[in-house]
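# Summary of structural features
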Amino acid sequence: MTYKPVFIRMAAAGNFERKFLLEFQKELQNLFWEHGIKATCFFSNSGSIEIDKIPSGAYTSHIGKYNTHTLFAYGQQKREESLKKVGKLDALIKVLVIVDVEIFKQGFTGTLFGEAEVGKEIAIISTAPLENHFKSSFLIKERALKEAMHELGHTLGLDHCKTPGCSMNISKDIYDIDEKKKTYCINCLNILFQGHP
Ligand SMILES: [Zn+2]
């Protein structure tokens, strides 16, 4: 099975270590290739790792968290910048915004791990709720990869899935995340590959 090439612009904002982001980028790209999806993950037009400050205006003081509305706009800006690098108007370009602060969206009161709209271009994940008392960056990375596959899956057209272990399972807490895998189930793959002979 093959799939149209996908370009994934990674936009990191916050206090991230370069080593963490580099490993995350490589592993995310490998995961897509293992699914037969030719993804190119990159952090900037030059290819080097760029780490931004959290966009101003994202912090919402009466909630004490950062709103995804502003982060979507930040992601959109990165996408436009990336169009110049990719150069092809019909290319599939998605953006993965990664932040290390707690995020929220209007009308949702639980812990928000990430957000994306089905079939749209921007996915957001936060590593803040993925922290653990082991202080293990490996565990944070594993959980972040699952959430990245989940949110990017939405941008590629996938909905939530109930097949046990599929990345597209809904996660209410970190235990749910730990239960699932970094991969899509066969049903989700079939949906992805429809129309992509
Ligand atoms: Zn699935």
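Further up the page is the structure itself.
This report concerns the structure included in the present document. What you see as residue numbers is a count from 1 along each chain, following the sequence as written. A pLDDT threshold of at least 70 governs which residues receive local features in this predicted model, and a stricter bar of 80 or more applies before side-chain atom pairs are shown or counted, although totals over entire chains, interfaces and linings include all residues.

## So, the pairing of strand β1 (residues 6-13)
Stated formally: To assign burial, the other C-beta atoms lying within 10 Å of each residue's own C-beta are counted, with C-beta atoms placed from the backbone; 20 or more indicates buried, 12 or fewer indicates exposed, and intermediate counts indicate partly exposed. Numbering of helices and strands runs from the N terminus, with a helix taken as a DSSP run of H or I at least four residues long and a strand as a DSSP run of E at least two residues long. Only strands that DSSP links by at least two bridges are regarded as paired with each other. Crossovers are described as right-handed under a simple rule: with the strands pointing away from the observer, the path leading from the first strand over the helix to the second runs clockwise.
Counting buried positions along β1 yields seven of eight residues, so the element is predominantly enclosed. Of the pairings in the sheet, the one linking β1 to strand β2 (residues 39-42) comprises four bridges and is parallel in character. For Arg9, the partnering residue across the bridge sits in β2 and is Phe42. For the handedness criterion, the β-α-β arrangement of β1, helix α1 (residues 18-34) and β2 is classed as right-handed. Judged from the eight bridges that link them, β1 and strand β6 (residues 92-99) form a sheet pairing that is parallel. For Phe7, the partnering residue across the bridge sits in β6 and is Ile93. When β1 meets strand β3 (residues 51-52), the two strands line up parallel, connected through two bridges. From the neighbouring strand, Ala13 faces β3, where its bridge partner is Asp52.

## Comments concerning the nonpolar core
So the rule is basically this: A set of buried Ala, Val, Leu, Ile, Met, Phe, Trp, Tyr and Cys residues, joined to one another through C-beta atoms within 7 Å, is what we call a nonpolar core. For the purpose of contact definition, each residue receives a C-beta atom placed from its backbone, and two residues are in contact when these atoms lie within 7 Å.
Core analysis: the biggest nonpolar cluster contains 44 residues, and Ala11, Leu71, Leu96, Val97, Ala123 and Ile124 have the highest contact counts within it. Contributing elements (two or more residues each) for this core: β1, α1, β2, α2 (68-86), β6, β7 (103-104), β9 (122-126) and α3 (137-155). No other element matches β1, which puts six residues into this core. Discounting chain neighbours no more than four positions away, the residues touching Ala11 are Tyr74, Gly75, Lys78, Val95, Leu96, Val97 and Ile98.

## Some details on the packing of α1 against α3
Angle between the axes and distance between the axes are the two parameters that describe a pair of packed helices. We apply this condition: Each axis is a line fitted through C-alpha atoms, taken for helices only over the stretch in contact, and angles between the N-to-C directions span 0 to 180 degrees. By the definition adopted for this analysis, an angle is roughly parallel if under 35 degrees, roughly antiparallel if over 145, roughly perpendicular if from 65 to 115, and oblique otherwise. By definition, any crossing whose near helix is turned counterclockwise from its far helix by less than a right angle is left-handed, and any crossing with a clockwise turn is right-handed. Ten residue types, Ala, Val, Leu, Ile, Met, Phe, Trp, Tyr, Cys and Pro, are classed as nonpolar, four, Asp, Glu, Lys and Arg, as charged, and the remainder, Gly among them, as polar.
Here α1 crosses α3 at 40°, and the two axes come no closer than 10 Å. Accordingly, the angle class assigned to the pair α1 and α3 is oblique. For the pair α1 and α3, the sense of crossing is right-handed. Mapping the contact onto sequence places Phe20, Glu23, Phe24, Glu27, Leu28 and Leu31 in α1 and Ser137, Lys141, Ala144, Leu145, Ala148 and Met149 in α3. Residue classes in the contact of α1 with α3 are distributed as eight nonpolar, one polar and three charged.

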